[in-house]
Amino acid sequence: MQKILLADLSIILVEPSDTQRKIISTLLHKENVENVNAVGTVAEAIDAIHKQGADLVVSTMYLEDGTGLDILKAIKNSPELCAIPFMLVSSENRPEKLEEFKQAGVAAMLPKPFSTENLSRALKASLDLINTEELDLELFDVRQVRVLLVDDSKLARNHIKRVLQGLGIEQIIEAENGATALSKLKEHTFDLVVTDYNMPEMDGRELSEFIRFNTETSHIPIIMVTSESVNSLHMANIHQTGVNALCDKPFEVEQVKMLLISLLEE
């Protein structure tokens, strides 16, 4: 399949402010993105996505008839639209508000104002989701790698699974929390565990400790996916629980690719 380039991208920009539309559109044009259709409400965005389609949706958080999260969930809950990457552009910095987007499968998040470097990275992360490429491993056939994916958010699991499938991983079993994951570990054999940190019943830390200190599972590499800062108190000593690598939300293809090569080729 031919790769989509920046110049090929068809973007729907959701921004009610004319000034902000012009600023963001100008910066997109500087990145070689010319096909930008700007709308100002949730309803207009969803209508445009259904009528004309899009390679990428770039949206602010707050709109007169809802929020960018309404658009993101409409995309991710639709089998026809769920592969469309969503980029958030917002001055919102409250962790609980941003967490909702991370859990729903946002491809990238940009602050307002943002630099050209911020935009370039976000566009690359979005393109990586569109231009899937099977990972070439020396010691594994990537299609035979068995993954246990653990996250209490169905939307987050869908996003992570899509990234893994884009890299060629086909054998993925899901669990909605650590307790369910334990049952899956007893029933199946896995080459890799990808787990969220914050989950009910049994969180990622407790699950990782069980995996690492159980003789039957102690060899399995663990990637922990988290929206927590790696420098936070919660994450400070997470490697002591046996976690091999930390991966941020949003779950970016390039970072995941490097982690998989590192963990599976050791």
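Residues numbered from 1 in each chain as written. Predicted model: local features only at pLDDT ≥ 70, side-chain atom pairs only at ≥ 80, totals over all residues. Heavy atoms only, no water.

Engineer: Would you mind showing me how to read the overall build of the chain here?
Structural biologist: Helix and strand content of the chain: nine helices and twelve strands. Over its C-alpha trace the chain gives a radius of gyration of 19 Å, about what one expects of a compact globule, namely 18 Å for 266 residues. Referenced to the eigenvectors of the C-alpha coordinate spread, the extents of the chain come out at roughly 60 × 40 × 30 Å. When burial is assessed residue by residue, the chain has 54% of its 266 residues classed as buried. Per element, the accessible surface of the chain, about 12600 Å² overall, is 48% carbon and sulfur. Taking the average location of the 25 positive side-chain charges in the chain and that of its 42 negative ones, the two points are 2 Å from each other. (Helix = DSSP H or I, 4+ residues; strand = E, 2+ residues; numbered from the N terminus. Rg over C-alpha atoms; globule rule 2.2 N^0.38 Å. Buried < 20%, exposed > 50% of the residue type's maximum accessible area, 1.4 Å probe, protein only. Areas by Shrake-Rupley, 256 points an atom, 1.4 Å probe, with all protein chains shown as cover. Lys, Arg positive; Asp, Glu negative; His and termini not counted. Charge placed at Lys NZ, Arg CZ, Asp CG, Glu CD.)

Engineer: It is not clear to me how the UniProt feature "domain: Response regulatory" (unreviewed entry) in the chain should be interpreted in this structure. Could you clarify?
Structural biologist: UniProt's entry tags residues 10-127 and 146-264 with the feature "domain: Response regulatory" (unreviewed entry), counted in the numbering of this structure. With 47% helix and 23% strand, residues 10-127 has end C-alpha atoms that lie 11 Å from one another. (UniProt positions renumbered as here; feature names shortened; annotations may be inferred.)

Engineer: Where do I start with a negative patch on the surface in this structure?
Structural biologist: A surface patch of like charges, here negative, comprises Glu-44, Glu-64, Asp-65 and Asp-70. Tracing the backbone through its elements, the reader meets Asp-65 in the loop between strand E4 (62-63) and strand E5 (66-67). The class for Asp-65 is partly exposed, based on a relative accessible area of 36%. (Patch = residues over 30% accessible without salt bridge, like charges linked within 9 Å, V, L, I, M, F, W, Y side chains within 5 Å. Salt bridge = Lys/Arg side-chain N within 4 Å of Asp/Glu carboxyl O.)

Engineer: Even after reading the chapter, I still don't get unusual backbone geometry, so can you show me in this structure?
Structural biologist: Comment: phi is negative for the bulk of residues other than glycine, and the bulk of peptide bonds are trans. A cis amide bond, omega -5 degrees, links Lys-112 with the succeeding residue Pro-113. The topology assignment puts Pro-113 in the loop between strand E7 (108-111) and helix H5 (116-130). Of the consecutive residues Lys-249 and Pro-250, the connecting peptide bond is found in the cis state with omega at 5 degrees. As for its placement among the helices and strands, Pro-250 is situated in the loop between strand E12 (245-248) and helix H9 (253-264). Phi at Asn-32 is positive, roughly 85 degrees, even though this residue is not glycine.

Engineer: Honestly, the sheet that holds strand E11 (residues 222-226) in this entry has me stumped. Any pointers?
Structural biologist: For sheets, the rule is that strands pair by backbone hydrogen bonds, running either parallel or antiparallel. Read across the sheet, five strands follow the order E9-E8-E10-E11-E12 without closing on themselves; strand pairing throughout is parallel. Strands at the two margins of the open sheet, each flanked by one partner only, are strand E9 (171-175) and E12. Averaged over all neighbouring strand pairs, the angle between strand axes comes to 20 degrees, with direction disregarded. Pairing of strand E8 (residues 146-150) with E9, which is carried by five bridges, proceeds in the parallel orientation. (Pairing = 2+ DSSP bridges. Axes fitted to C-alpha atoms, helices over the stretch in contact; angles between N-to-C directions.)

Engineer: I keep staring at the nonpolar core and nothing clicks. Help me out?
Structural biologist: When a protein is soluble and globular, its nonpolar side chains tend to lie buried together. Of all hydrophobic cores here, the largest spans 27 residues; its most connected members are Val-147, Leu-164, Val-194, Ile-223, Phe-251, Val-256 and Leu-260. When residues of this core are traced back to their parent elements, those giving at least two are E8, helix H6 (154-166), strand E10 (192-196), E11, E12 and H9. The greatest single-element share of this core, amounting to six residues, is contributed by H9. If near-sequence neighbours (up to four positions away) are discounted, Val-256 is found in contact with Val-163, Leu-164, Leu-167, Cys-247 and Phe-251. Residues Ala-54, Leu-88, Leu-98 and Val-106 belong to the second largest nonpolar core, which totals 24 residues. (Core = buried A, V, L, I, M, F, W, Y, C linked by side-chain atoms within 4.5 Å. Contact = heavy atoms within 4.5 Å.)

Engineer: What should I look at first to understand the environment of Ala-48 in this one?
Structural biologist: Within the fold, Ala-48 resides in helix H2 (residues 42-52). In this structure Ala-48 comes out as buried when scored by relative accessible area, which is 7%. For the pair Ala-48 and Asn-37, spaced eleven residues apart in the sequence, the C-alpha separation amounts to 8.7 Å. Beyond its immediate stretch of four places on either side in the chain, Ala-48 contacts Ile-12, Asn-37, Val-39 and Gly-53.

Engineer: How should I be thinking about the sheet that holds strand E3 (residues 56-59) in this particular structure?
Structural biologist: Reading across the sheet, the five strands line up as E2-E1-E3-E6-E7 and stay open at both edges, with parallel pairing between neighbours. The open sheet terminates on both sides in strands that have one partner only, identified here as strand E2 (35-39) and E7. This sheet shows a mean twist of 20 degrees between the axes of neighbouring strands, independent of strand direction.

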